[in-house]
Amino acid sequence: MAEEAHVEGVQGGYGPESGDRGTPEVDLRRVGIDPDFWYPVARSAALRRNKVRAVAFAGRRMALYRGAGGTVYALEDRCAHRQVPLSLGVVDGEALRCCYHAWAYRGNGHISQIPYLPKGTARPPRGVRSYPVRERYGLVFVFPGDPARAEHTPLPLLPEADSSRHRTMMFSRTVRCHYSFLHENLLDMNHQFLHRGVLGRIQPKLLGYDTGPRSVEARYLFVPSGGRKDRGAGLLSAEGMGGASTPDVVTIRTEYPYQTLQTVPESSESAAFCLWVAYVPEDIEQRVSRVFGLLMIAKPPIPGALHLAWPLIRRFTERVFAQDRMAVEAEQRAWDEQGADWNQEVFPLILDVRQVLRANGAPITHSAASSGCPEADLCADGRRSTPR
């Protein structure tokens, strides 16, 4: 009955999306992502020793640097002195020096040295905010929210990424849209017509789905029905590497705030590949997202076959991603032009994932992100739309 109510709520007339009883819903595109999770912000390999780079999470600018000993630190990207970005600075051992007056900061954000400060003169009591950092799966994760929660919040568990039986392809791309459009795009496999020139003609059949307070999981049967298919698509699903062209069971899960996809050929009991993806908003309005993905591909029985197929698989994934990016960026432009969400959605699965994203999101607080207080985004009242 709940699904029928969702469908009825979007069938009546035109205008912004409405709730089950015709009352306006909170516009999902105005809901921020919850900062109390671990989010990837860079590839580990891209951050060499004694180097610093600028990254961002929802308007929070950070200076990410790797010290001489190999440890990675994340600091608020502004010097407490003149507010010049610390990402323009220089790594000095385990400290980061501002490029302007050489003020030095430890990895915890405390000021360690002001070169020209007379002896006996006290340093300013506050430095800059630091963020918890961890490295895993070849990515640098930061915890943008309440640092007290970081220790008890686990990183995503990806056993395939640590398995010698899989090879992992990593990708990172900027997409100019709200993160919710990306969740909907991957979860709603009825859009395969978009990929007809890459995947051929696919008939996706929804086998079922489950919804919880923080998750939505859908299962589809992908039945090929002809058409030209990119060679990399067949190799990715084991065709041409010892497998056969058979229907695939595709399971997609939004487990807030991450998303996963697993493809299992109908004739097999093990997944041909698994995808894990995180959408990291960069700007304060959260209309630009950095997508970090790990594609974990099972190695075929033939030694070296995956290595030879790798360039074709990479080309295939880039083609699919480019088409999806075109679609979701067009959705964002429509939202920008209309000033609200005028979508006439009829698929209960997408209505449910929207509710999950709304319920677990956080208000976008411009004043907190732009405040000069290093702890502003922790002390802002009403930061989260619902209690954890």
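Residues numbered from 1 in each chain as written. Predicted model: local features only at pLDDT ≥ 70, side-chain atom pairs only at ≥ 80, totals over all residues. Heavy atoms only, no water.

### Focus on the packing of helix α3 (residues 179-187) against helix α6 (residues 305-338)
Note the cut-off: Only the contacting stretch of a helix is used when fitting its axis, a line to C-alpha atoms as for every element, and angles between N-to-C directions run 0 to 180 degrees. Only DSSP runs of H or I with at least four residues qualify as helices, and only runs of E with at least two residues qualify as strands; both kinds are numbered from the N terminus onward. Orientation labels follow simple angle bins: below 35 degrees gives roughly parallel, above 145 gives roughly antiparallel, 65 to 115 gives roughly perpendicular, and whatever is left gives oblique. Left-handed describes a crossing whose near helix is turned anticlockwise from the far helix through less than a right angle; right-handed describes the clockwise counterpart. The criterion used for residue contact is that any of the two residues' heavy atoms lie within 4.5 Å.
Contact geometry for α3 and α6: axes closest at 10 Å, N-to-C directions at 135 degrees. Comparing their axes, α6 and α3 come out oblique. Crossing of α3 over α6 shows right-handed handedness. Residues Phe181, Leu182 and Asn185 of α3 form the contact with α6, whose own contacting residues are Asp324, Val328, Glu331, Gln332 and Trp335.

### Regarding the packing of aromatic side chains
Test applied: Each Phe, Tyr or Trp ring, with Trp reduced to its six-membered ring, pairs with another whose centre is within 6.5 Å; inter-plane angles below 30 degrees give stacked pairs, above 60 give edge-to-face pairs, and intermediate values give tilted ones. Three exposure classes are used, based on accessible area relative to the maximum for each residue type with a 1.4 Å probe and protein chains only: buried under 20%, partly exposed in between, and exposed over 50%.
Taken as a whole and assessed by the stated rule, the structure comprises seven aromatic pairs. Pairing Trp38 with Phe143 gives two aromatic rings, centres 5.3 Å apart and planes at 65 degrees, and the pair type is edge-to-face. With Trp38 in the loop between β1 (31-32) and β2 (39-43) and Phe143 in the loop between β12 (139-142) and α2 (147-150), this residue pair connects regions lying 105 residues apart in the sequence. On the accessibility criterion, Trp38 (2% relative accessible area) is buried. Plain terms: the ring middles of Tyr39 and Phe57 are 4.9 Å apart, the flat faces sit at 45 degrees to each other, and that makes the pair tilted. Taken as a pair, Tyr39 in strand β2 and Phe57 in strand β3 (residues 51-57) lie far apart in primary sequence, 18 residues in all.

### Details of α3
In terms of burial, α3 is a largely internal element, nine of the nine residues being buried. Of the positions making up α3, those classed as buried are Tyr179, Ser180, Phe181, Leu182, His183, Glu184, Asn185, Leu186 and Leu187.

### Description of the pairing of strand β14 (residues 202-211)
To be explicit about the condition: The rule for pairing is simple: two strands pair if DSSP sees at least two bridges between them.
Strand direction decides the pairing type here: β14 and strand β15 (residues 215-224), joined by nine bridges, are antiparallel. Paired with Gln203 across the strands is Val223, a residue of β15. Adjacent in sequence and paired antiparallel, β14 and β15 are bridged by three residues.

On their own, these measurements won't tell you what the molecule is for.
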